[in-house]
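Below, each chain spelled out in residue letters.
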Amino acid sequence: MSKQNEIQQRITDQIIVALESGSILPWRKPWSAKSNVGYACNVISQKLYRGINPMLLSLHQNRFGFESRHFGTFNQWKKLGGIVKQRPADVRPGEWGCPIVYYNIMTKKYGDPITGIEVERNIPIFRTFTVFSVEQVLGDHLDKYRADKEIVVEHDFIDFEPAERFLANLNFDVRYGGNSAFYRVGGHIQMPHKSAFESPKDFYATLFHECIHNTCHLLGIKENYETEELVAEIGSCYLLSAINIPCGDNLDNSKSYLKHWLSHLKNDPKYIFFASAKASRCVDYLMKKSGFIVSQESEEELTTATA
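Just so it is clear, the structure is predicted and the values come from calculations on it, not from any experiment.

1. A few points about the overall build of the chain
Move 1: When helices and strands are tallied, the chain shows 9 helices and 9 strands.
Move 2: Among the 307 residues that make up the chain, the fraction classed as buried is 47%.
Move 3: Restricting to contacts in the chain with at least 6 residues of sequence separation, those with at least 24 account for 72%.
Move 4: When the accessible surface of the chain is split by element, carbon and sulfur atoms take 50% of a total near 16,100 Å².

2. Things to note about the state of the cysteines
Move 1: This model, assessed by the stated rule, comprises 0 disulfides.
Move 2: There is no disulfide at Cys247, and the cysteine sulfur nearest it, in Cys237, is 4.1 Å away.
Move 3: In this structure Cys247 comes out as buried when scored by relative accessible area, which is 12%.
Move 4: Unpaired in terms of disulfides, Cys282 finds its nearest cysteine sulfur in Cys216, a separation of 3.8 Å.

3. Digging into the pattern of salt bridges
Move 1: Summed over the entire model, instances satisfying the criterion amount to 8 salt bridges.
Move 2: Close ionic contact of Asp143 with Arg146 constitutes a salt bridge, the shortest N to O distance being 2.7 Å.
Move 3: On the basis of relative accessibility, which here comes to 42%, the residue Asp143 falls in the partly exposed class.
Move 4: What makes Arg146 buried here is its relative accessible area of 15%.
Move 5: Where Arg175 meets Asp173, a salt bridge forms, and the shortest distance between an N and an O atom there is 2.8 Å.
Move 6: Since its relative accessible area comes to 40%, Arg175 is described here as partly exposed.

4. Some details on the nonpolar core
Move 1: In this structure, Trp27, Phe166, Ile212 and Ile272 are the most contacted members of the largest nonpolar core, which totals 69 residues.
Move 2: Apart from the residues within four sequence positions on either side, Ile212 is in contact with Val231, Ala232, Gly235, Ser236, Leu239, Cys282, Val283 and Leu286.
Move 3: Within the second largest apolar cluster, 11 residues are counted, among which are Phe66, Val91, Trp96 and Val137.

5. Observations regarding the sheet that holds strand 8 (residues 182-183)
Pairing between the strands of a sheet comes from backbone hydrogen bonds, and it takes one of two forms, parallel or antiparallel.
Move 1: Read across the open sheet, the 3 strands follow the order 7-9-8; overall the sheet is mixed. The sheet terminates laterally at strand 7 (174-176) and strand 8, the two strands that pair on one side only.
Move 2: As paired elements, strand 8 and strand 9 (residues 189-191) share 2 bridges and run antiparallel to each other. Looking at the pairing, Phe182 lines up with Gln190 of strand 9.
Move 3: Packing against the sheet, helix 5 (residues 200-218) makes contact with strand 7, strand 8 and strand 9, and its axis sits at approximately 165 degrees to strand 9.

6. Notes on the packing of helix 6 (residues 225-243) against helix 8 (residues 271-290)
Move 1: At a minimum axis distance of 8 Å, the contact between helix 6 and helix 8 shows a crossing angle of 50 degrees. Between helix 6 and helix 8, the angle is such that the two are oblique. At the point where helix 6 passes helix 8, the crossing takes the right-handed sense. Between helix 6 and helix 8, the contacting residues are Glu226, Thr227, Leu230, Val231, Ile234, Gly235, Tyr238, Leu239, Ala242 and Ile243 on the first element and Tyr271, Ile272, Ala275, Ser276, Lys278, Ala279, Ser280, Val283, Leu286 and Met287 on the second.

7. Considerations on helix 5
Move 1: The terminal C-alpha atoms of helix 5 lie 27 Å apart, and with 19 residues this matches the ideal 27 Å at 1.5 Å per residue to within 8%.
Move 2: Burial analysis of helix 5 places 14 of its 19 residues in the buried class, which makes it a mostly covered element.
Move 3: Looking one or two places after helix 5, you find Gly220, whose phi comes out positive at around 75 degrees.

8. Side note on unusual backbone geometry
Move 1: One non-glycine residue, Asn36, lies in positive phi territory at about 65 degrees.
Move 2: Tracing the backbone through its elements, the reader meets Asn36 in the loop between helix 1 (3-21) and strand 1 (41-42).
Move 3: Located in the positive-phi region is Asn171, a residue other than glycine, with phi close to 60 degrees.
Move 4: One can find Asn171 in the loop between helix 4 (161-170) and strand 7.
Move 5: The class of Asn171 is exposed, set by a relative accessible area of 67%.

Conventions adopted
The residue count restarts for each chain, going from 1 along the sequence in the order it is written. Only residues with pLDDT of 70 or above have their local features reported here, since the model is predicted, and side-chain atom pairs are shown and tallied only from 80 upward, although totals for entire chains, interfaces and linings are computed over all residues. Computation of side-chain values covers all heavy atoms of the structure but excludes hydrogens and water. Secondary structure elements follow DSSP: runs of H or I no shorter than four residues count as helices, runs of E no shorter than two count as strands, and numbering proceeds from the N terminus. Burial classes follow relative accessibility: with a 1.4 Å probe on protein chains only, a residue under 20% of its type's maximum area counts as buried, one over 50% as exposed, and anything between as partly exposed. Whether two residues touch is decided by their heavy atoms; if any such pair falls within 4.5 Å, the residues are in contact. Surface accessibility follows the Shrake-Rupley procedure with a 1.4 Å probe radius. Residue values consider only the protein chains on display as shielding. The disulfide criterion used throughout: a pair of cysteine sulfur atoms within 2.5 Å. Definition used for salt bridges: Asp or Glu carboxyl oxygen within 4 Å of a side-chain nitrogen of Lys or Arg. Side-chain atoms within 4.5 Å are what join buried Ala, Val, Leu, Ile, Met, Phe, Trp, Tyr and Cys residues into a set we call a nonpolar core. Should DSSP find at least two bridges between two strands, the strands are taken to pair. Only the stretch in contact is used when fitting a helix axis, every axis being a line fitted to C-alpha atoms; angles between N-to-C directions are given from 0 to 180 degrees. For classification, angles of less than 35 degrees are called roughly parallel, those exceeding 145 degrees roughly antiparallel, those between 65 and 115 degrees roughly perpendicular, and all remaining angles oblique. Working rule for handedness: look at the near helix, and if it is turned counterclockwise from the far one by less than a right angle, call the crossing left-handed; if clockwise, right-handed. Any helix carries an expected span of 1.5 Å times its number of residues minus one.

Printed below as a string of structure tokens:
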């Protein structure tokens, strides 16, 4: 098995274990009113991680009970004057840091052995980098990156204004009425009235899900039904986390597709990579269209950080 395939298989196996445990959907982030909690970002560049990486970082956080969104490589924390804590005795070697993946497409030219004509092929390239949460790093001066130890919540009010502003800036054709939420290809998004949902967060989670479907059409992303549902599920969760809006509590839609997703994952180690990459592409498009800019961590920044 090639190095590229080993990376894909190892990460896919990790996602499968998480899904089969029934305890977590790795693309869903628990919401918190604490500062420094939310969509994972790089501590130096403050850019959001994309593709498969938010899932990997979420699984890492859940395993060790971390909350902060700030991650960095060993040398990035060293540059900031921090010291990565020694690996605890009960953590196996190689599992204290969180491996993340830089993915790109490299175009190579090959001579066709039959015709002799030179053809181009797109080759996926995966490189791994290990990052650590600020909660794994010593240094009082880094407290500004840590999650609040305690927060006083004076009321249960959650500000959904950013979601309303985000949706208004998209200027999508959203129509209300009926009992079903769906996207009509080349047409409009249909939604039940907000009052039909158990909570506002379920309403926004559902609407963002349909916005991803709409964006797949706009960007020419064509997948089978179950795969596009996975792209929409991952993309909507990424959007909610980026805007700091709670994920909905209703998991019925995700659970109904879980068997299909697991089957694809077990048969194709590339499946989750491509689905999450397409979800990130949709999120980037929507965030830029709405005025919320999402930047991608580049390989140059990661390479420089580990040099």
